[in-house]
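# Structural characterization, general
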Amino acid sequence: MKRMLCALALTILLTGCALQRELPEDSAAPAGEEILLVIDGREVPAWRYLCWLDRAVAQGLEGEAARDQALGDTALYAAVESLAEEWGVALTAAEEAALTPGVWAALEEAQWRELAAVGALYAKLCEREVPQETLEAFGKERGYRTVDRILIPAGEGADKQAAEVFARLNGGGEEAFHAAKSLSADRLGPRTFCPGDGTLAPELEEAAAALSEGQLSGILESEEGFSILYCLPLDIEQMRIPWLDEQLRTRVGEADIQVLSGYENLGISAGFPSNENKIQDYAQQASSS
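First, a word on scope: everything that follows refers to the structure included in this document.

Scoring rules and cut-offs
- Residues numbered from 1 in each chain as written.
- Predicted model: local features only at pLDDT ≥ 70, side-chain atom pairs only at ≥ 80, totals over all residues.
- Heavy atoms only, no water.
- Helix = DSSP H or I, 4+ residues; strand = E, 2+ residues; numbered from the N terminus.
- Buried < 20%, exposed > 50% of the residue type's maximum accessible area, 1.4 Å probe, protein only.
- Contact = heavy atoms within 4.5 Å.
- Areas by Shrake-Rupley, 256 points an atom, 1.4 Å probe, with all protein chains shown as cover.
- Axes fitted to C-alpha atoms, helices over the stretch in contact; angles between N-to-C directions.
- Parallel < 35°, antiparallel > 145°, perpendicular 65-115°, else oblique.
- Left-handed = near helix turned anticlockwise from the far one by under 90°.
- Nonpolar A, V, L, I, M, F, W, Y, C, P; charged D, E, K, R; others polar.
- Phe/Tyr/Trp six-rings, centres within 6.5 Å; stacked < 30°, edge-to-face > 60°.
- Core = buried A, V, L, I, M, F, W, Y, C linked by side-chain atoms within 4.5 Å.
- Pairing = 2+ DSSP bridges.
- Polar contact = N/O pair within 3.5 Å; in protein donor to acceptor, adjacent residues only side chain to side chain.
- Arc of directions from axis to C-beta.

## Topic: the overall build of the protein
For the protein, the count of helices and strands is eleven helices and eight strands. Here the protein, with 289 residues, has 46% of them falling under the buried criterion. Sequence separation of 24 or more characterises 75% of the internal contacts of the protein that already satisfy a separation of 6 or more. Of the roughly 14200 Å² of accessible surface on the protein, a fraction of 49% belongs to carbon and sulfur atoms.

Here's what the structure looks like:
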């Protein structure tokens, strides 16, 4: 038995896979239903692990990196299933009937239904009611911000125009900001982000992190042009998926894993690399699979 000692990145992506693998010459290919792993008491058949291994190779990973990524993805799917059971989240008969192969079309029906069901379970977990105070505390602890932006695109006279807009905003609060939005090239509206997630340019993220609710930034210059940020109350609903992903990351990081003989015969290392990739939001994909 072993324990995962690091928090693996959440990479639940509904990506297709073939099940044909070129295994090491000294390794025996396990049968598809042979149990390779037991993750927190859940038995994992060979086909599930090999599916993720193919996905990792298709992404350009090689050797131990591909194998570690596949093991992480396998553990993550198991975590979704376990969490759904604990929280009493299950698919209705209608939801099960609505599952489609999607990107899992290369698999046998029982197999693609099993994986598609995990994606659908994740989507339902995302919709599960969570106390607002829990989500708010999570967002504030992680440094999330909700901001709106006025953008004057880079170009001749852009700095002057930005200064004129800022003069109109100064002291006018939220009402003045919204009135000036018609002058903005940014049409996305408010966005909630965590510093470092790439939602905004680094210089804008830094400025946003220093703002208090209801506060305007100064005129900020980036490659896009000149921006003025307005800090809104934290959008609590936007914390739902990051909060859930955090629960899954913790569960994967603490998982007890038993590796059985078929897995060992693949010559796969039991080690895990540190991985800081961004958490992937796949709820929409999961819902349509």
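## Quick notes on the packing of helix α1 (residues 46-58) against helix α2 (residues 63-86)
Remark: α1 packs on α2, axes separated minimally by 8 Å, with the N-to-C direction vectors making an angle of 130 degrees. With respect to each other, α1 and α2 are oriented oblique. Two packed elements cross with a definite hand, and for α1 against α2 that hand is right-handed. Facing α1, whose interface residues are R48, Y49, W52, L53, R55, A56 and V57, α2 presents A66, R67, Q69, A70, L71, D73, T74, Y77, A78 and E81. Split into classes, the residues belonging to the contact of α1 with α2 amount to ten nonpolar, two polar and five charged.

## Concerning the packing of aromatic side chains
All chains considered together, the criterion is met by five aromatic pairs. Judged by centre distance (5.0 Å) and plane angle (70 degrees), the ring pair of W52 and Y77 falls under edge-to-face. Taken together, the residues span a long stretch of sequence, with W52 in helix α1 and Y77 in helix α2 at a distance of 25 residues. Judged by centre distance (5.3 Å) and plane angle (25 degrees), the ring pair of F177 and Y230 falls under stacked. Of this pair, F177 sits in helix α7 (residues 173-180) while Y230 sits in strand β7 (residues 225-232), and the two are 53 residues apart along the sequence. The burial state of F177 is the same as that of Y230; both residues are buried. An aromatic cluster of three or more residues is present, and its members are W52, Y77 and W104.

## Some thoughts on the nonpolar core
Ranked by size, the top nonpolar core spans 53 residues in total, and within it L37, I39, Y49, W104, L244 and L248 carry the most contacts. Sorting the residues of this core by element identifies β2 (35-39), α1, α2, α4 (109-127), α5 (132-142) and α9 (240-253) as the ones contributing at least two each. With eleven residues, α2 is the largest single contributor of residues to this core. Core analysis: the next-biggest nonpolar cluster, separate from the first, contains 13 residues, I150, I152, A176 and I228 among them.

## Describing the pairing of strand β4 (residues 145-153)
On a regular strand, one side chain projects to one face of the sheet and the next to the other, so that they alternate. Counting buried positions along β4 gives seven out of nine residues, so the element sits mostly inside the fold. Of the strand pairs in this sheet, β4 and strand β5 (residues 191-193) are connected by three bridges, and their pairing is antiparallel. Residue pairing for β5: R145 is matched across the bridge by F193. The sheet contact formed by β4 and β7 spans eight bridges and is antiparallel. Paired with P153 across the two strands is G225, which belongs to β7.

## Notes on the side chain of T74
The topology assignment puts T74 in helix α2. Side-chain polar atoms of T74 contact the backbone oxygen of A70, separated by 2.7 Å. Apart from residues lying up to four places away in sequence, T74 is in contact with L37, I39, V44, R48, Y49 and W52.

## Quick word on the pairing of strand β3 (residues 42-45)
Bridging between β2 and β3 involves four bridges; their strand directions are antiparallel. Residue L37 lies in a different strand from β3, and its bridge partner there is V44. Two successive antiparallel strands, β2 and β3, enclose a turn made up of two residues, where D40 displays a positive phi of approximately 50 degrees.

## Description of the environment of D159
For D159, the position within the fold is in helix α6 (residues 158-169). Sequence-wise, D159 and F226 are 67 residues apart; in three dimensions their C-alpha atoms are separated by 6.8 Å.

## With respect to the sheet that holds β4
If you trace the four strands from one edge of the open sheet to the other, you get β5-β4-β7-β6, paired in antiparallel fashion. Every interior strand has two partners, whereas the edge strands, β5 and β6 (220-222), have only one. Ignoring strand direction, the axes of neighbouring strands in this sheet form an average angle of 45 degrees. Against the sheet, helix α8 (residues 202-209) makes contact with β4, β5, β6 and β7, and its axis sits at roughly 155 degrees relative to β6, the strand it touches most.

## Considering unusual backbone geometry
Residue D40 is not a glycine yet carries a positive backbone phi of 50 degrees. Along the polypeptide, D40 turns up in the loop between β2 and β3.

## Re α5
Those residues of α5 not exposed but buried are L135, F138 and G139. For α5, the buried positions fall inside an angular range of 95 degrees around the axis, keeping them on one side. Exposed side chains of α5 directed beyond 90 degrees from the buried face belong to E133, K140 and E141. Buried residues belonging to α5 abut α9.

In short, the description is geometric, and any link to function would need to be established separately.
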